[in-house]
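Survey of secondary and tertiary structure
In case you want the letters, here they are:
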Amino acid sequence: METQTALKKMPRGAKVKELLLKNFAFAGLLLVIVLFEILTQGRLLGQKNLLNIFNNFFTIGLSAMAFTFIMALGELDLSVGAIVGFAAMAGAFAAKLSLWLILPAALLAGLLVGALNGLAIAHLRVESFIGTLAMSFICRGMTTWLLNGSVGVPISMRAFDANWVKIVTFVVVMVLLYFLYEHCAYGKHCRAVGASSEAARQSGVRCKSVRTMAFVLSGVVCGLVGFFTLIRGCTASSGTGNAFEFDVLLAVLFGGMPLSGGWTVRFRSAVIGAVAMAILKSGMSLTGIDGMVQQVVQGIILIVVVTLSFDRKNAAVIK
């Protein structure tokens, strides 16, 4: 009732924009499905292509769900792709000691980089855009230097790339993160800090710890993505995870998350946006669009989405 009353009091232009933003995620997803189903002549949702869509959705969706906590804070993380590559490298080197160390090494590498991000942003007060971009350069440089080409793992590791393993993994991670975000104090604290850091601090929220943990959580999930990326290709290289951060960022924005953070950030936006991004990437590949052109298209979509969702009144809270 309150929402309907508020809409009635708005000017007509504001009403249209409010309704558009409210239903943007679902409308965007429907548009992507219909458009590429037509362009691919029904091949988009064909049985052969659904596996490709799922593989894209799996990695983007995992990172996007963890990215939700960072978005709720009104922060950004541009080191996501570099962490995936760094974690894959750590897993590849660990495989030389024992195959059982691949997953722990990848998770530990992600946790370490996430903790460094959190330390720089929460305690050293470096702006998240600059801090995570710098960390991205550091991780990429170290990965390129240490790998000196590429490092492989036994092809037997592909057994863990089975669809049922990924489905179980995704469901478990989704349930845990959803519960943490929607039903635990930590999720509420993230949104409170994003809405007003000072008000949250005065209410007893430990803002530095909340920020640090969000980047640690994102780092650990990126480590998990790095593990699955490694075992799928059985190789870690300097290009592993390249530009993955923009897939994740576009997914959460496509899902309707505001850059300003706060209480309007919804967990479901990560899942919806990840589905849309997976279909978008698969659809462009099916239509024969070149990889560089795909980046151009994604860049244009990013500008459009930011233009629609950016709240200039709260621009000051974006770090």
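Details of the structure are given in the entry above.
Quick caveat, the model's predicted, so the values are computed rather than measured. (Residues numbered from 1 in each chain as written. Predicted model: local features only at pLDDT ≥ 70, side-chain atom pairs only at ≥ 80, totals over all residues. Heavy atoms only, no water.)

At N148, a position not held by glycine, the phi torsion is positive, near 50 degrees. Within the fold, N148 resides in the loop between α7 (128-147) and β1 (150-152). The exposure class of N148 is exposed, given its relative accessible area of 68%. (Helix = DSSP H or I, 4+ residues; strand = E, 2+ residues; numbered from the N terminus. Buried < 20%, exposed > 50% of the residue type's maximum accessible area, 1.4 Å probe, protein only.)

A pair of packed helices is captured by two measures, namely the crossing angle of their axes and the spacing between those axes. The interhelical angle for the contact between helix α6 (residues 102-123) and helix α11 (residues 207-233), taken along N-to-C directions, is 150 degrees, at an axis separation of 7 Å. In terms of axis orientation, α6 runs roughly antiparallel to α11. Crossing geometry of α6 relative to α11 is assigned as right-handed. Partitioned by chemical class, the residues of the contact of α6 with α11 number 14 nonpolar, eight polar and two charged. (Axes fitted to C-alpha atoms, helices over the stretch in contact; angles between N-to-C directions. Parallel < 35°, antiparallel > 145°, perpendicular 65-115°, else oblique. Left-handed = near helix turned anticlockwise from the far one by under 90°. Nonpolar A, V, L, I, M, F, W, Y, C, P; charged D, E, K, R; others polar.)

This brings us to the nonpolar core. Of all hydrophobic cores here, the largest spans 91 residues; its most connected members are L62, M65, F69, M71, V153, L177 and V252. Leaving out residues up to four positions away in the same chain, M71 has contacts with L76, V252, L253, M257, P258, L259, G261 and V265. (Core = buried A, V, L, I, M, F, W, Y, C linked by side-chain atoms within 4.5 Å. Contact = heavy atoms within 4.5 Å.)

Here we come to the environment of M157. Counting through the fold element by element, M157 comes out in the loop between β1 and α8 (163-182). For M157, a relative accessible area of 5% translates into the label buried. Beyond its immediate chain neighbours, meaning those up to four positions away, M157 contacts L99, I102, F227 and I231.

Contact pair helix α4 (residues 47-72) / α11: the axes reach a minimum separation of 8 Å and the direction vectors enclose 170 degrees. With respect to α11, the element α4 is oriented roughly antiparallel. Side by side, α4 and α11 meet where N55, F58, T59, L62, S63, A66, F69 and I70 of the first sit next to A214, F215, L217, S218, V221, C222, L224, V225, F228 and R232 of the second. Counted by class, the contact of α4 with α11 contains 13 nonpolar, four polar and one charged residues.

Moving on, we get to the pattern of salt bridges. Under the counting rule described, the total for this entry stands at five salt bridges. K166 is the partner of D161 in a salt bridge, and the nearest nitrogen-oxygen pair spans 3.4 Å. With respect to burial, D161 and K166 carry one shared label: buried. Across the salt bridge formed by K281 and D247, the nearest N and O atoms sit 3.4 Å from each other. Here K281 is found in helix α13 (residues 268-286), whereas its partner D247 is found in helix α12 (residues 244-254), with 34 residues between them in sequence. (Salt bridge = Lys/Arg side-chain N within 4 Å of Asp/Glu carboxyl O.)

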